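In case you want the letters, here they are:
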Amino acid sequence: MKKKLVLAVSVLLSGSLMFSSCIGSFGLTNKIFEWNNEVGGKWVNEVVFFAFLILPVYEISLIADGLVINSIEFWSGSNPLADNVQHIKGENGNYTVASNENGYVITDEATQEKVELVYNSEEDSWSVDGITFLTFVDDEHVSVYAGEGQMVTIEKSEAGLMAYKAMAGAYMACK
């Protein structure tokens, strides 16, 4: 009996060395935490939190993350539970926003029309259909599309946003 226990502990400790230096993102546990935060107010969230502690939901998710899911993430480079798609209900319809390595793809769920927002890390800019619409200049300024290929630099503040809205409104009125 004692030999089996020593063998089991040895196997577990040896196996843990295989997974060292990989903390992982704990996607399953984080999804449970996120769901709990959306259940209701702070008192309901607290009750659900304690219930999940008593029912060992968090403990089981941590073990599953630590032993299986984070190992998959370590070896494959991606978390199988990573949610890179969001469903958004807007005033004019429902949209799906999927992230990818270069930015986002936004799809109108009714018409299936797609718009791709692409981030260029070299220029620190965002574009749509090859047209740059925003470039970060410094910590306090951005260059934004002003129409007909023109860019204008504005301050990253409420005053800068209001000035850009007024300029964009005037541009649209001229069209």
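Our structure's up above, just so we're on the same page.
Read on for an overview of the structure. (Residues numbered from 1 in each chain as written. Predicted model: local features only at pLDDT ≥ 70, side-chain atom pairs only at ≥ 80, totals over all residues. Heavy atoms only, no water.)

## A closer look at the pairing of strand E8 (residues 150-155)
Part 1: Sheet topology places strand E7 (residues 141-147) next to E8; six bridges connect them, and they run antiparallel. Within E8, the residue paired with Val 144 across the bridge is Val 152.
Part 2: If you look at the hairpin formed by E7 and E8, you'll find two residues sitting between the two strands, and Glu 148 has a positive phi there, around 50 degrees. (Pairing = 2+ DSSP bridges. Helix = DSSP H or I, 4+ residues; strand = E, 2+ residues; numbered from the N terminus.)

## Comments concerning the packing of helix H2 (residues 27-39) against helix H3 (residues 42-54)
Part 1: The interhelical angle for the contact between H2 and H3, taken along N-to-C directions, is 145 degrees, at an axis separation of 7 Å. In this structure, H2 meets H3 at a crossing whose hand is right-handed. Each of Ile 32, Phe 33, Trp 35, Asn 36, Asn 37 and Val 39 in H2 lies in contact with H3, whose residues at this interface are Val 44, Asn 45, Val 48, Phe 49 and Phe 52.
Part 2: Within the contact of H2 with H3, the residues separate by chemical class into eight nonpolar, three polar and no charged. (Axes fitted to C-alpha atoms, helices over the stretch in contact; angles between N-to-C directions. Left-handed = near helix turned anticlockwise from the far one by under 90°. Contact = heavy atoms within 4.5 Å. Nonpolar A, V, L, I, M, F, W, Y, C, P; charged D, E, K, R; others polar.)

## Some thoughts on helix H4 (residues 57-76)
Part 1: The principal kink in H4, of about 45 degrees, is found at Asp 65.
Part 2: Residues of H4 that are buried: Tyr 58, Ser 61, Asp 65, Ile 69, Asn 70, Ser 71 and Glu 73.
Part 3: Considering only its buried residues, H4 is in contact with H2 and H3. (Bend = angle between axes of the 7 residues up to and from the residue. Buried < 20%, exposed > 50% of the residue type's maximum accessible area, 1.4 Å probe, protein only.)

## Structural notes on the environment of Phe 74
Part 1: Relative to the helices and strands, Phe 74 resides in helix H4.
Part 2: Residues Phe 74 and Ser 25, spaced 49 residues apart in sequence, show a C-alpha to C-alpha distance of 9.8 Å.

## So, the sheet that holds E8
Part 1: Reading across from one edge, E1-E2-E3-E4-E5-E6-E7-E8 is the order of the eight strands in this open sheet, with antiparallel pairing throughout. A single partner strand is all that each edge strand has here, and the edge strands are strand E1 (85-90) and E8. Across the sheet, the mean angle from the axis of one strand to that of its neighbour is 25 degrees, orientation sign disregarded.
Part 2: Across six bridges, strand E2 (residues 93-100) lies against strand E3 (residues 103-108) in antiparallel orientation.

## Concerning a negative patch on the surface
Part 1: A contiguous patch of negative charge, built from Asp 138, Asp 139, Glu 140 and Glu 155, is present on the exposed surface.
Part 2: Along the chain, the position of Glu 140 falls in the loop between strand E6 (131-136) and E7.
Part 3: For Glu 140, a relative accessible area of 54% gives the class exposed. (Patch = residues over 30% accessible without salt bridge, like charges linked within 9 Å, V, L, I, M, F, W, Y side chains within 5 Å. Areas by Shrake-Rupley, 256 points an atom, 1.4 Å probe, with all protein chains shown as cover. Salt bridge = Lys/Arg side-chain N within 4 Å of Asp/Glu carboxyl O. Lys, Arg positive; Asp, Glu negative; His and termini not counted. Charge placed at Lys NZ, Arg CZ, Asp CG, Glu CD.)

## Some words on the packing of H3 against H4
Part 1: Interhelical geometry of H3 versus H4 gives an angle of 65 degrees and a closest axis separation of 5 Å. The angle between the axes of H3 and H4 places the two elements in the roughly perpendicular class. Within the contact between the two elements, H3 uses Phe 49, Phe 52 and Leu 53 and H4 uses Val 57, Tyr 58 and Glu 59.
Part 2: The residue inventory of the contact of H3 with H4, partitioned by class, reads five nonpolar, no polar and one charged. (Parallel < 35°, antiparallel > 145°, perpendicular 65-115°, else oblique.)

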